[in-house]
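Each chain, letter by letter, is given below.
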Amino acid sequence: MSAAPFALPADLLAYLRTVKSIGVITGAGVSAESGIQTYRGRGGLYDDEGEGERTVEALSAPTLRRDPDRTWRVVADLARRALAAQPGAAHTALVGLEQALDRFILLSQNMDGLHRLAGSRNRIDIHGDVRDVRCESCGYRGELAPETLQGLQATPPCPACGAGLRPDVVLFGEILPTAKVEQMLAEFYEDPPELLLIAGTSAAFPYIVEPVLRAARAGRPTIEVNPEETDLSPHVRWSLRGPAGVVLPAIAAVMSTG
Ligand SMILES: [Zn+2]
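What counts and what doesn't
- Residues numbered from 1 in each chain as written.
- Predicted model: local features only at pLDDT ≥ 70, side-chain atom pairs only at ≥ 80, totals over all residues.
- Heavy atoms only, no water.
- Pairing = 2+ DSSP bridges.
- Helix = DSSP H or I, 4+ residues; strand = E, 2+ residues; numbered from the N terminus.
- Axes fitted to C-alpha atoms, helices over the stretch in contact; angles between N-to-C directions.
- Contact = heavy atoms within 4.5 Å.
- Donors = N, O, S within 2.8 Å, 3.2 Å for Na, K, Ca; no water.
- Buried < 20%, exposed > 50% of the residue type's maximum accessible area, 1.4 Å probe, protein only.
- Phe/Tyr/Trp six-rings, centres within 6.5 Å; stacked < 30°, edge-to-face > 60°.
- Domains from an automatic or database assignment.
- Buried area = accessible area lost by both parts, 1.4 Å probe.
- Salt bridge = Lys/Arg side-chain N within 4 Å of Asp/Glu carboxyl O.
- Polar contact = N/O pair within 3.5 Å; in protein donor to acceptor, adjacent residues only side chain to side chain.
- Expected span 1.5 Å × (residues − 1).
- 1 Å grid on protein atoms, 1.4 Å probe; cavity = no way out; pocket = protein on both sides within 12 Å on 5 of 7 lines; lining within 4 Å.
- Points joined across faces, edges and corners; volume = space filled by probe spheres on them.
- Nonpolar A, V, L, I, M, F, W, Y, C, P; charged D, E, K, R; others polar.
- Core = buried A, V, L, I, M, F, W, Y, C linked by side-chain atoms within 4.5 Å.

Moving on, we get to the sheet that holds strand S9 (residues 238–241). Reading across from one edge, S3-S2-S1-S7-S8-S9 is the order of the six strands in this open sheet, with parallel pairing throughout. Edge positions in the sheet fall to strand S3 (123–125) and S9, since each has one partner strand and no second. Taking each pair of neighbouring strands and ignoring which way they run, the sheet shows an average axis angle of 15 degrees. Sheet topology note: the strand S7 (residues 195–199)/strand S8 (residues 222–226) ladder contains four bridges and is parallel. Each residue of the ladder has a partner; that of Leu 196, found in S8, is Thr 222. Across the sheet, helix H9 (residues 178–190) touches strand S1 (21–26), strand S2 (103–108), S3 and S7, and the angle it forms with S2 is around 135 degrees. Contacts from helix H11 (residues 244–256) reach S1, S7, S8 and S9 within the one sheet, and its direction differs from that of S7 by about 155 degrees.

For the zinc ion, the protein coordination sphere consists of Cys 135 (SG), Cys 138 (SG), Cys 158 (SG) and Cys 161 (SG), at 2.3 Å. Donor residues for the zinc ion, ordered by position in the chain, follow C-x2-C-x19-C-x2-C. Placement of the pair is Cys 138 in the loop between strand S4 (128–134) and strand S5 (141–143) and Cys 161 in the loop between helix H8 (146–149) and strand S6 (166–169), with a sequence separation of 23 residues. Taking relative accessible area as the criterion, Cys 138 reaches 40% and is therefore assigned partly exposed.

For any pair of aromatic rings, the description consists of the separation of the ring centres together with the inter-plane angle of the planes. If you walk through the whole model with that rule in mind, you get two aromatic pairs. Centroid distance Tyr 15 to Trp 238: 5.6 Å. Interplanar angle 20 degrees. Geometry classified as stacked. Here Tyr 15 is found in helix H1 (residues 10–16), whereas its partner Trp 238 is found in strand S9, with 223 residues between them in sequence. Like Tyr 15, the residue Trp 238 is buried in the burial classification. Between Phe 205 and Tyr 207 the ring centres are 5.3 Å apart and the planes differ by 15 degrees, which places this aromatic pair in the stacked class. When its relative accessible area of 22% is taken as the criterion, Phe 205 is described as partly exposed.

Let's shift gears to the domain arrangement of the protein. For the protein, the assigned domains read domain 1 (1–36 + 87–127 + 175–258) and domain 2 (37–84 + 132–169). The C-alpha-based centres of domain 1 and domain 2 are spaced at 27 Å. With twelve residues of domain 1 at the contact, the number on the domain 2 side is ten residues. Taken over both partners, the interface formed by domain 1 and domain 2 buries close to 860 Å², and the fraction arising from carbon and sulfur atoms is 59%. Three residues, Ile 36, Met 111 and Arg 116, lead the burial of domain 1 against domain 2; their summed loss comes to 50% of the area buried on that side. Between the two partners, domain 1 and domain 2, sit one salt bridge. Counting every contact that joins domain 1 to domain 2 gives zero residue pairs in polar contact (both at pLDDT 80 or more).

End to end, helix H10 (residues 206–217) covers 16 Å across twelve residues, agreeing with the expected 16 Å (1.5 Å per residue, within 8%). Every buried residue of H10 is listed here: Ile 208, Val 209, Pro 211, Val 212, Leu 213 and Ala 215. Where H10 is buried, its residues meet S1, S2, H9, S7 and S8. Two residues or fewer past H10, Gly 219 is found with a positive phi of approximately 80 degrees.

Roughly 390 Å³ of volume is contained in the second largest pocket. Counted by class, the lining of the second largest pocket contains seven nonpolar, four polar and eleven charged residues.

Of all hydrophobic cores here, the largest spans 30 residues; its most connected members are Leu 16, Leu 248 and Ile 251. Looking at this core, the elements that each hand over two or more residues are H1, S1, helix H6 (89–100), S2, S7, S8, S9 and H11. The element contributing the most residues to this core is H11, with eight residues. The contact partners of Leu 248, leaving out residues within four places of it in the chain, are Ala 90, Ala 93, Leu 94, Leu 197, Ala 199 and Val 225.

Taken together, the three strands give an open sheet; going across it, the order is S5-S4-S6, and neighbouring strands pair in antiparallel fashion. Each edge of the open sheet is held by one strand with a lone partner, namely S5 and S6. On average, each strand axis in the sheet is tilted by 45 degrees relative to the strand beside it, whichever way the strands run. Of the pairings in the sheet, the one linking S4 to S5 comprises three bridges and is antiparallel in character. Its bridge partner lying in S5, Val 133 is registered against Gly 142. Contacting S4 and S6, helix H5 (residues 68–84) runs over the sheet at an angle of about 125 degrees to S4.

Spelled out as structure tokens, the structure:
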């Protein structure tokens, strides 16, 4: 990753120095900079359409019911990738923002736990974390140990009751967890932050796009950070073309010094 500073527009620079609260939404692009493959787009897990369809199918509610070992093989692979990765410059910049501002909320679509590892605290991992598990028989919740993950090829048993565990993530065809949706509504809709920033995502999911469009419609400042143009680009006030690992540190540097 290049360390060249990113030149922010002058009007954005002036505005950033006044901001006290921010909502940040992140997606696969932020993980990709830590070596975690994105699901979609160039070089993504789903770049090969056939492979992509098979992965989506494996990570779906019907497959978990019919053939949980197949779901687990893919989840265990994702979890091993997450375990091998380290937070990048974008993750670290967001931790700095949280420390510098009065209010910070992070909504992430990523399931690799890197925002948690970096130290972001007020965080909604809307799709869960690939290392977390839960038991639908006894209610056990936990995290898979690295040694369990190595070589995991089938459904791991619940340490409390012996039933098969499931990954504590939102699979395709499943609804979002109620508590997280309520937190998302409270933070982004009922009492929205001054500034909304979305980084590293082409934002395919309606619940990811909507807070940004809503802020834009209400005339509140919005920033998009992405190497390529997305469907959201025409709607945001500032659309910054670059990797999150370069642009977010530039933004955090301005906001942290007021
Ligand atoms: Zn159990």
